[in-house]
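# Overview (structure and organization)
Chain by chain, the residues:
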Amino acid sequence: MKRILIKGNFIYPLSKERLEEKRNAFLIIENGRFVSFSDHAVPSDEEYDFSDNIIIPGLSDTHLHAPQYQFAGLYMDKSLLEWLNEHTFPEEAKYKDMKYAEKAYSIFISALNKSPTTRLSCFATIHEDSSFLLASMLDDAGYSGYVGKVNMDRNSPPDLTEDTEESIKSTLSFIRRTEKLKNISSAVTPRFVPSCTDSMMKALSEILLDNPGLVVQSHLCENKDEIEWVRSLHPEAENYASVYDRYGMLGRRNKSIMAHVCWPEDAELDLLENRNVFVAHSPSSNENLSSGIAPVSRMLERGINVTLSSDVAGGSSISMFSVISRALSHSRIRNAFFSDRALTFPEAFYLSCLSSSPLFSSQSGSIFPSWDADLVVISDSSIKSTLNEGLSLSERLERYVYSCAELPVVAKFIKGRKVV
Ligand code: GUN
Ligand code: FE
């Protein structure tokens, strides 16, 4: 048994509405899981004192594109379909080259290490070998979650258009290879409806049927032109979501993550609600690519599982702190224009950690006994203010989220292992 003792100021969600604070407390971790808080030191194998810093649960990024990190912060003056064709696809085509992939994914993981993310669900590219390289590198670096080899067999440039049968073969091979990893699993990843023929969707639906433990991830109702395009490709379908649903990709058996959902119809919200889909709300990307302002509080009122995601490189920052502050601003914009309820800070923080716990294979995203010991230590010491002495931990965290989002974390633990 390995025991770790961590001393510091802890803040974590108890529920959607409530953040709990423990100041100058000792947290006991055994074998990678939380045990309890103590008000005094106990014997341990490893001890850390983070003095006045703030310690939070690890955050989860439920939708991002690892290969796109190389152009994060560029080309934001385009809308989705132009941006995909002019910038995204040419960059993703480079990941056929393993040397390029290794260099780029090393840069991506260095950036991820400085961020508060401990769990993630990401897209790679269509290339099996470099997708597996990414999954292995994330696993070695200690991260938990999902990586998808992307499927695309229509409406894509020639170097990213797969032969359907080959794509399915390499998807199955990617799934088998990934089974050997410790903490990273594969996710079935049809890029979005316009990139996948019916034969591709049908073959992927059979893989999902044979493997109920597999997660499926894709994009839904991101942008008005994209939605029109789906309507013209599938005039028989009631709506965009029903195309995924027809292929069992909307949470009936397999857990499902749908990114964006900026423009859902009521019937689509019914589907997301009834099928327990995880919505990956990507406010930074929705704003950068002029996609829309997602109706998050309406989804929450229906009990839909909303989680937060950077959608790098539609999102320009890999930091989930930055995503939390954009989620708050977007909810206020909807409040001003449509009278939707604005999110509170504790609620937005909850969406970045605890709300995605059921998506992952072990419990994480808060500090409860037996949950995964995923922790992030942040320093707000660069903020000088006359108010400092009187602030609660929640207020310090809120101020950090708005003003220090891009600062590197001080330390990060995943399943009790110090990774940074
Ligand atoms: N829809 C299909 N592919 C993509 C992508 O790479 N990024 C975003 N934001 N939307 C997409
Ligand atoms: Fe995306």
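Since we're looking at a predicted model, the values are computed, not measured. (Residues numbered from 1 in each chain as written. Chains lettered and ligands numbered in written order. Predicted model: local features only at pLDDT ≥ 70, side-chain atom pairs only at ≥ 80, totals over all residues.)

### Looking at the environment of V261
- Mapped onto the fold, V261 is located in the loop between β11 (256-260) and α8 (266-274).
- Separated by 41 residues in the primary sequence, V261 and L220 have C-alpha atoms spaced 5.4 Å apart.
- The residues touching V261, leaving out its near neighbours within four places in the chain, are L220, C221, V279 and A294. (Helix = DSSP H or I, 4+ residues; strand = E, 2+ residues; numbered from the N terminus. Contact = placed C-beta atoms within 7 Å.)

### A look at helix α1 (residues 80-93)
- Its maximal kink placed at H87, α1 deviates by approximately 35 degrees, while the proline P90 follows within four residues.
- Buried residues of α1: L80, W83, L84, T88, E91 and E92, and no others.
- Contacts made by the buried residues of α1 are with α6 (224-233). (Bend = angle between axes of the 7 residues up to and from the residue. Buried ≥ 20, exposed ≤ 12 C-beta atoms within 10 Å, placed from the backbone.)

### Section: the site of ligand 1
- Residues in contact with ligand 1, as listed here, are H65, L80, L84, T88, R191, F192, H219, E222, S285, D311 and G314.
- Partitioning the shell around ligand 1 into residue classes produces 3 nonpolar, 5 polar and 3 charged. (Near = placed C-beta within 6 Å. Nonpolar A, V, L, I, M, F, W, Y, C, P; charged D, E, K, R; others polar.)

### Side note on the UniProt feature "domain: Amidohydrolase-related" (unreviewed entry) in the protein chain
- Mapped onto the present numbering, the UniProt feature "domain: Amidohydrolase-related" (unreviewed entry) falls at residues 54-382.
- For residues 54-382, helix accounts for 41% and strand for 17%, while the C-alpha atoms at its two ends are 13 Å apart. (UniProt positions renumbered as here; feature names shortened; annotations may be inferred.)

### What about the environment of S156?
- Residue placement: S156 occurs in the loop between β8 (150-151) and α4 (164-178).
- With 21 C-beta atoms counted inside 10 Å, the residue S156 sits in the buried group.
- For the pair S156 and E20, spaced 136 residues apart in the sequence, the C-alpha separation amounts to 48 Å.
- When neighbours within four sequence positions are excluded, S156 is seen to be in contact with F89, T161 and S195.

### With respect to the sheet that holds strand β4 (residues 46-57)
- Ordered in space as β3-β2-β1-β4-β14-β15-β16, the 7 strands form an open sheet in which the pairing is mixed. Both edges of this open sheet fall to β3 (33-38) and β16 (417-418), since each of them pairs with a single strand only.
- Against the sheet, helix α13 (residues 393-403) contacts β1 (3-13), β2 (19-30), β4 and β14 (375-378), and its axis sits at roughly 70 degrees relative to β4. (Pairing = 2+ DSSP bridges. Axes fitted to C-alpha atoms, helices over the stretch in contact; angles between N-to-C directions.)

### Examining the nonpolar core
- In terms of nonpolar packing, the biggest core is built from 112 residues, with V147, V279, I324 and A327 touching the most fellow members.
- Here the element with the most residues in this core is helix α11 (residues 320-338); it accounts for 6 residues.
- Each of domain 1 (3-58 + 366-418) and domain 2 (59-359) gives at least three residues to this core. (Core = buried A, V, L, I, M, F, W, Y, C linked by C-beta atoms within 7 Å. Domains from an automatic or database assignment.)

### Quick look at the packing of helix α3 (residues 128-140) against α4
- Orientation of α3 relative to α4, taken along the N-to-C sense of each, is 25 degrees, at an axis distance of 10 Å. Classified by the interaxial angle, the pair formed by α3 and α4 is roughly parallel. In this structure, α3 crosses over α4, and the sense of that crossing is right-handed. Two secondary-structure elements touch here, α3 through E128, S131, F132 and A135 and α4 through S170, S173, F174, R177 and T178.
- In terms of residue class, the contact of α3 with α4 is made up of 3 nonpolar, 4 polar and 2 charged. (Parallel < 35°, antiparallel > 145°, perpendicular 65-115°, else oblique. Left-handed = near helix turned anticlockwise from the far one by under 90°.)

### With respect to the domain arrangement of the protein chain
- Per the domain assignment, the segments making up the protein chain are domain 1 (3-58 + 366-418) and domain 2 (59-359).
- The C-alpha-based centres of domain 1 and domain 2 are spaced at 29 Å.
- Taken together, the contact pairs 20 residues of domain 1 with 22 residues of domain 2.
- Those elements that provide at least two residues to the side of domain 1 that touches domain 2 are α13 and β15 (411-414).
- Residue contributions to the side of domain 1 that touches domain 2 peak at 3 residues, all from α13.

### Observations regarding unusual backbone geometry
- Going from V312 to A313, the amide bond is cis rather than trans, its omega being 10 degrees.
- The topology assignment puts A313 in the loop between β13 (305-308) and α11.
- Unlike most non-glycine residues, Y75 shows phi in positive territory, near 65 degrees.
- Topologically, Y75 is positioned in the loop between β5 (59-65) and α1.
- For H260, which is not glycine, the phi dihedral falls at a positive 85 degrees.
- Position of H260 relative to the elements: it lies in strand β11.
- Owing to 30 C-beta atoms within 10 Å, H260 belongs among the buried residues under this scheme.

### Considering the pairing of β14
- Judged by which residues are buried, β14 turns out to be covered on both faces: L375 and V377 on one side and V376 and I378 on the other are all buried.
- With 4 bridges joining them, β4 and β14 adopt antiparallel strand pairing. Its bridge partner being in β14, I56 is matched across the sheet by V376.
- As paired strands, β14 and β15 are joined by 3 bridges and run antiparallel to one another. Within the sheet, the bridge partner assigned to V377 lies in β15 and is A411.

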